[in-house]
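The residues making up each chain are set out below.
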Amino acid sequence: MSSKPPEEDFAALLSGLANTSGEWLRGSGPESDIVISSRIRLARNLADYPFISQASSADRQAVAKILRERIVDILAGKNVTYLDVAQLESLDRQFLVERQLISREHAESEGARGVLIDPQEQVSLMINEEDHLRVQVMHSGLDLQKAWEQVNVLDDLIEERVTFAFHDQLGYLTACPTNVGTGLRVSVMLHLPALVITRQIEKVLRSLQKISLAVRGLYGEGSQAMGDFYQISNQITLGRSEPDLLKQVGDVVPVLIDYERRAREFLVRESQQVLHDRVSRAYGILRTAQTISSEETMHLLSSVRMGVNLGLIGDLEIPKINELFIRTQPAHLQKMVGNELETADRNIERARYLRLYLNRKSSEHDAEGQN
Amino acid sequence: MKCQQCDRQATFHITELTGGKPQELHLCEECARVYLTQPNEEAPSGAAFVGALAQHLAVSQTAEELARLDRTACPVCGVTFYDFRNQGRLGCPHDYVGFSKELEPLILNIHGETEHCGKRPKRYDQGTDRLTDLIRLRREMQEAVDAEQYERASEIRDEIKAIQQSAGLP
């Protein structure tokens, strides 16, 4: 920890974050052409305070103070930063949501609340979200086991300093009975464009729901997944051990990867030209558009990302595309420009940024090629 | 009535109010689960599902039983069963003890199990329910302060300190 009070660092931290892409979009790790990120989170509550819905404002402040002080103490030397979410501007809160460091609910709720994050953006500890504490670790690619080990160690350390609500038969007690028991949510984010194009995605998602796995889209409103990103997670948290829950999600991922790869192979084999055309047009629009919405950007970037993975686009790399997915989000754009923008102005700014970024990338590449 | 999405019996009758004009949905339990757990910008999904499920489980009771149950308040945090049905969130850890009879079918429905078999804390591995006394006492202390009964409030504060010390809480 620095000697300054942690929240004084937040302006520097946030502007630092705006120039990086964050752990989960690093684009590395096993199977990272299809698996974007692996995430583990635990829900915990202090035994001697009411859950959030019944907590007075004094209770919320006490819970935030206790958890913040103990955790900062435990993580001393790890350079974690505490952000007082209640004090942040709405744009900064939105920015953290886009980076998946806090939930939308955490950004939009009221009362004392905060988040502790590490500089690599692997660890985020949300205080006073739906539960008193949400411990989250995110890794790039398919890496559930390591992420779980990291969460488990953190949980053990924190539990040495605080007493979490626990019931002999029901396990860890949570504000919503859907999380009771282990309080564990295991999630994997996948990029499945070929399953979407070949119209197999619905079938796949239905079969996942049958085995009690939840599926939701990234950034999507409702059930519509934007950019063909899907998050698979366990629905059940009680009656199974943590390793079992890890396995339940972990076992299905290779199957999904296999389906997606086969769908991509099918597309290459059966309609190479159509696919190449689709990918190239997407790339072309992104490099030339004068105004573009967030939805269209996600949609086109998804095609380009698949094109790069299939070798149809040679002058772009996956980490660069991943970076664009996040930097073209509304709050990220506004942070980069340095002031708030209306939707129409955001769309112009987004197109300008994409043109600059993608044309620079390819001309740099060409220059390198000539040398 | 048949479920609108499959051939099973519809047991959930949902009135969707979020899309402009109210829309009636009649679904079986499985389709209702899928429908209600879809991410929704307005309502946190888990809570919406739990609330609807609690509503459903409570429907099988007679009106008087339901009214009595709805008024039942947790002695620790004061949340009523009605509050829980509405918001899908519990008020404190003691609710799992106080409303255990009502919650058991709900938990079985969500998880298919009622026994935790994962990680346990090193301390308090038999449960932390006795610590919920502190929640009740803090509430009573605040009430005493609000009623300007300062002597009573300070007695309660001493009681809280004593419990914290004996429990090894800072």
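Residues numbered from 1 in each chain as written. Chains lettered and ligands numbered in written order. Predicted model: local features only at pLDDT ≥ 70, side-chain atom pairs only at ≥ 80, totals over all residues. Heavy atoms only, no water.

## Topic: the overall build of chain A
Let me state the cut-off plainly: The helix count covers DSSP runs of H or I at least four residues long, the strand count covers runs of E at least two residues long, and both are numbered beginning at the N terminus. Between buried and exposed lies partly exposed: a residue is buried under 20% and exposed over 50% of the maximum accessible area for its type, with that area taken using a 1.4 Å probe on protein chains only. Only heavy atoms enter the contact rule, under which two residues are in contact if any of them lie within 4.5 Å.
Counting its secondary structure elements, chain A contains 12 helices and 10 strands. Taken across its 371 residues, chain A has 60% of its residues classed as buried. Within chain A, counting contacts between residues at least 6 apart in sequence, those at least 24 apart form 72% of the total.

## Quick look at the pairing of strand β10 (residues 229–234) of chain A
Residues and elements named next belong to chain A. Rules: The pairing criterion is simple: DSSP has to find at least two bridges between the two strands.
Within β10, six of the six residues are buried, which leaves it mostly tucked inside the rest of the structure. Every second residue of β10 is oriented toward a common face, with F229, Q231 and S233 on one face and Y230, I232 and N234 on the other, all of them buried. As defined by bridge partners, strand β8 (residues 184–191) adjoins β10 across five bridges and the pair is classed as antiparallel. From the neighbouring strand, M189 faces β10, where its bridge partner is Q231. Pairing of strand β9 (residues 213–217) with β10 involves five bridges; the strand directions are antiparallel.

## With respect to a negative patch on the surface
Note the cut-off: What makes a patch is a set of residues exposed beyond 30% relative accessible area and free of salt bridges, joined within 9 Å when like-charged and within 5 Å when nonpolar (Val, Leu, Ile, Met, Phe, Trp, Tyr). Surface accessibility follows the Shrake-Rupley procedure with a 1.4 Å probe radius. Residue values consider only the protein chains on display as shielding. A side-chain nitrogen of Lys or Arg and a carboxyl oxygen of Asp or Glu constitute a salt bridge if their distance falls within 4 Å. Charged residues are defined here as Lys and Arg on the positive side and Asp and Glu on the negative side; His and the ends of the chain fall outside this count. Each charge is placed at NZ for Lys, CZ for Arg, CG for Asp and CD for Glu.
A cluster of acidic side chains, namely E89(A), E340(A), E342(A) and D345(A), defines a negative patch on the protein surface. On the secondary structure map, E340(A) appears in the loop between α11 (330–337) and α12 (343–370).

## A short note on the packing of helix α3 (residues 90–98) of chain A against α11(A)
Residue and element names in this part refer to chain A. Here is the rule we go by: With axes taken as lines fitted to C-alpha atoms, and helix axes fitted only over the stretch in contact, angles between N-to-C directions fall between 0 and 180 degrees. An angle counts as roughly parallel when it lies under 35 degrees, as roughly antiparallel when it exceeds 145, as roughly perpendicular when it falls between 65 and 115, and as oblique in every other case. Crossing handedness follows the turn of the near helix against the far one: under a right angle anticlockwise gives a left-handed crossing, and clockwise gives a right-handed one.
Interhelical geometry of α3 versus α11 gives an angle of 125° and a closest axis separation of 8 Å. It follows from the interaxial angle that α3 and α11 lie oblique. Here α3 and α11 pass one another in a crossing that is left-handed. Across from L91, D92, Q94, F95 and E98 in α3, the residues of α11 making contact are P330, A331, H332, Q334 and K335.

## Some remarks on the interface of chain B and chain A
The condition that has to hold: Buried surface area refers to the total accessible area, computed with a probe of radius 1.4 Å, that the two partners give up upon joining, counted for both partners together. Here the term charged refers only to Asp, Glu, Lys and Arg, the term nonpolar to Ala, Val, Leu, Ile, Met, Phe, Trp, Tyr, Cys and Pro, and the term polar to all other amino acids, Gly among them.
Taken together, the contact between chain B and chain A spans 51 residues of the former and 55 residues of the latter. Among the residues chain B hides against chain A, the three largest losses belong to Y96(B), H111(B) and K119(B). Together they make up 18% of the total. Run the count over chain B and chain A and you get six salt bridges. Residues K119(B) and D155(A) are paired through a salt bridge, measuring 2.6 Å at the closest nitrogen-oxygen approach. Mapped by element, the contributors of at least two residues to the side of chain B that touches chain A are α1 (29–36), α2 (45–59), α4 (81–87), α5 (95–98), α6 (100–111) and α7 (133–146) of chain B. Tallied by class, residues from the side of chain B that touches chain A come to 24 nonpolar, 16 polar and 11 charged.

## Some points on the domain arrangement of chain A
Residues and elements named next belong to chain A. As a reminder, the rule being used: Domain extents, as shown, originate in an automatic or database domain assignment. Polar contact criterion, stated in full: a pair of N or O atoms within 3.5 Å, where within protein one must be able to donate a hydrogen and the other to accept it, and residues adjacent in sequence count only if both atoms are side-chain atoms.
For chain A, the assigned domains are domain 1 (6–256) and domain 2 (271–366). Placing a centre on the C-alpha atoms of domain 1 and another on those of domain 2 gives a separation of 27 Å. Taken together, domain 1 and domain 2 are joined by one salt bridge. D92 is the salt-bridge partner of K335, the closest N and O atoms lying 2.6 Å from each other. On the surface where domain 1 and domain 2 come into contact, there are 11 residue pairs in polar contact (both at pLDDT 80 or more). Residue assignment for the side of domain 1 that touches domain 2 shows that the elements contributing at least two residues are α1 (10–18), α3 and α6 (193–197).

## Comments concerning the packing of helix α5 (residues 144–159) of chain A against helix α8 (residues 242–288) of chain A
Residues and elements named next belong to chain A. Look at α5 against α8: their axes get within 11 Å of each other, and the N-to-C directions meet at 150°. In terms of orientation, α5 lies roughly antiparallel with respect to α8. Pair α5 / α8 crosses with right-handed handedness. Only E242, L246, V249 and G250 of α8 make contact with α5, whose side of the interface consists of L144, Q145 and W148. Along the lines of polarity and charge, the residues of the contact of α5 with α8 split into four nonpolar, two polar and one charged.

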